[in-house]
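# Chain and residue survey
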Amino acid sequence: MIHIQGLEFRYAHSDFRLSVPSLQVGARERVAVIGPSGSGKTTLLNLIAGIFVPNSGEITVGNVPVHALDDAGRRVFRISNIGFVFQDFELIDYLSVLDNILHPYRITRALRLNKEVRGRAIALAEQMAIAKHIKRRPGELSQGERQRVAICRALLTQPKLVLADEATGNLDPDNKTQILDLLFANLAERDAALLAVTHDHDLLPRFDRVEDFRAFRASGEANA
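What counts and what doesn't
- Residues numbered from 1 in each chain as written.
- Predicted model: local features only at pLDDT ≥ 70, side-chain atom pairs only at ≥ 80, totals over all residues.
- Heavy atoms only, no water.
- Axes fitted to C-alpha atoms, helices over the stretch in contact; angles between N-to-C directions.
- Helix = DSSP H or I, 4+ residues; strand = E, 2+ residues; numbered from the N terminus.
- Parallel < 35°, antiparallel > 145°, perpendicular 65-115°, else oblique.
- Contact = heavy atoms within 4.5 Å.
- Buried < 20%, exposed > 50% of the residue type's maximum accessible area, 1.4 Å probe, protein only.

## With respect to the packing of helix 5 (residues 143–156) against helix 6 (residues 173–189)
At their nearest, the axes of helix 5 and helix 6 sit 12 Å apart, and the two run at 5 degrees to each other. Regarding the angle of helix 5 to helix 6, the classification is roughly parallel. On the side of helix 5, the interface is formed by R148, I151 and L155, while helix 6 contributes N175, Q178, I179, L183, N186 and L187.

## Some words on helix 1 (residues 41–48)
Across the eight residues that make up helix 1, a large majority, eight, are buried. Directly beyond the C-terminal end of helix 1, a positive phi value near 80 degrees is found at G50.

## A few points about the environment of I130
Looking at the secondary structure, you find I130 in the loop between helix 4 (115–127) and helix 5. Judged by its relative accessible area of 0%, I130 falls in the buried class. Residues I130 and K176, spaced 46 residues apart in sequence, show a C-alpha to C-alpha distance of 15 Å. Other than its neighbours up to four places away in sequence, I130 contacts V97, A125, E145, R148, V149 and C152.

The following block contains the structure:
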């Protein structure tokens, strides 16, 4: 599902450098990424999603060379094929919970919003125990509830790849287990892959594999 070869990236006007010689994630694999804060884990997710562009190297998702797409192509590919759970949620404050979940279908013509999609959004909200909040706005929710909204939005397009940046970081231990169970079950239904950044080492036994970011070469400091 993910194939990275010879990846090199640096931020403009920064001393941060990231080098990933090789990384693969297979279809249906659940891979956790660990490492010190500031080592570039979030940067890696942004590169895979096509939010950032590498200075050199190859990033292939499925059969698509993400690194070779133009800005518009990367955006459409990301929205249509990758579920991204952002660390800071990236919810839109003036939209309801339901409209936040449906947002991927409102920002690209590549996706068609219809009754089936709306039903799927409500079903996800029910699974994540936030259905009673679908008419509320994000500012009225707890951090954990906002996290659940972000996960629902990431799963709505039924992607074959989910990138999660601390997807359970704002949940208490019991809810972490419950949400991870729901996330894994959803992915298993579609033979989808998961690449998840986490600082919670108690969760690592749940994953098929763990990639320690200290094995990659980085200098300077990124955001995460």
